[in-house]
Amino acid sequence: MIGYGELDMVCASAPAKVYFFGEHSVVYGKPAIAAAISLRTNVTVHSAPPSSHIYVNAPKRTSLERTPYVREVVMMLSKQYDIPTSGYWIDVQSEIPKAAGIGSSAALTVATIGAISSYFDIKLEPVEIASMGHAVERAVQGSASPTDTWISTFGGVYRIPERRRLSISEFIFVIGDTQETSSTKKLVGAVKTLKDNYPSIIGPLMDAMGALSDYGETLLVNGKLEEVGKLMNLNNSLLESLGVGTDALHKFVSVAISAGALGAKITGAGGGGCMVALSPSKDVAKNIANALEKCGGEVYVVKSTDIGLRLEV
Ligand code: MEV
């Protein structure tokens, strides 16, 4: 057992995620397919004088009170394990755009749990980390998707809700962030209202989204990326039918397809935030990225990744 303060510094990182298929319909128990991507958040815990308050550098130095996810992790871990709430500093560096539908808060939460638990030598199984991560997100946001914290913890591509890991090769995605902010809670609420008002229309739309995940899983596993792209386009049309599109997302999706994407769609709750395009190659990804930059997007060329939560050396 390593005593407190014996480690000077521990760093952990965790990835963001995109949905191939099934956001919104997953809320109604339909299958979805989500993939971890190579944008990460790094959280470092440094030793500090024993009585000093926890400061979080994220990236501006700020007090723990102003960083709700980190604060909630510290509170939850200190309630369950005998660890102090002072005497260390936390540094956050993130490549993931915030509140943009690709799981920035889950990556921050999971990396923070990983870094602090390792700093204090608390042995947590990955499933415990994913579950605590979800509890932290729920405590901060009121409600949260367990998918985000699961994917951030484990990496890879998963079929949800079964959490079946799919054994498939690496993909190249181009992510376009419209930089319009959105609220997942509001959008999930608006879709619920639509479904309550028009169950015989919206119910079958949800079934169709679930079927896209079923077909998509088989196509992904068999490497049929052109077909996967077509189904992503179809999924995008269904998401737009639910009213979660915006003009910018619509434009970004069609620009990405014209620039050579196999398929493109809203990812996450929509109402702004990000879209994701599946690219057949690195060269085409550059074309897609250039085209999206011309539309005013913040653009990220990324790969799918098998690496979930990881301690950095
Ligand atoms: C948000 O990233 C995904 C949604 O399906 C909500 C959820 O799964 O909780 C819209």
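Keep in mind it's a predicted model, so treat the numbers as computed, not measured. (Residues numbered from 1 in each chain as written. Predicted model: local features only at pLDDT ≥ 70, side-chain atom pairs only at ≥ 80, totals over all residues. Heavy atoms only, no water.)

K.L.:
Sorry, what's going on with unusual backbone geometry here?
P.N.:
Cis geometry is adopted by the peptide bond preceding Pro161, which originates at Ile160 and carries an omega value of 10 degrees. For Pro161, the location among the structural elements is in the loop between strand 6 (157-160) and strand 7 (164-166). Although it is not a glycine, Gln179 sits at a positive phi angle of roughly 65 degrees. As for its placement among the helices and strands, Gln179 is situated in the loop between strand 8 (172-177) and helix 5 (184-197). Judged by its relative accessible area of 48%, Gln179 falls in the partly exposed class. (Helix = DSSP H or I, 4+ residues; strand = E, 2+ residues; numbered from the N terminus. Buried < 20%, exposed > 50% of the residue type's maximum accessible area, 1.4 Å probe, protein only.)

K.L.:
Before we go on, may I ask you to explain the confidence of the model for the protein in this structure?
P.N.:
Any residue range with low pLDDT should be treated as having predicted coordinates unsuitable for detailed reading. In the predicted model, the protein carries a mean pLDDT of 94, and the fraction of residues at 70 or more is 97%. For the stretch residues 1-5, pLDDT sits under 50, and the model shows eight contacts to residues farther than four places along the chain or on other chains. (pLDDT = per-residue confidence, 0-100. Contact = heavy atoms within 4.5 Å.)

K.L.:
Would you explain the pattern of salt bridges in this entry?
P.N.:
Between side chains of opposite charge, a pair can form as their charged atoms come close. Enumeration according to the criterion identifies twelve salt bridges in this entry. In this structure, Arg159 engages Glu162 in a salt bridge whose closest nitrogen and oxygen atoms are separated by 3.2 Å. Residues Asp214 and Arg159 are paired through a salt bridge, measuring 2.8 Å at the closest nitrogen-oxygen approach. Remark: Arg159 occurs in strand 6 and Asp214 occurs in helix 6 (residues 199-221); sequence separation between them is 55 residues. By relative accessible area, which is 37% here, Asp214 ends up partly exposed. Exposure remark for Arg159: the relative accessible area of 9% places this residue in the buried category. Residues participating in the shared-partner salt-bridge network are Arg159, Glu162, Arg164, Asp214 and Glu217. (Salt bridge = Lys/Arg side-chain N within 4 Å of Asp/Glu carboxyl O.)

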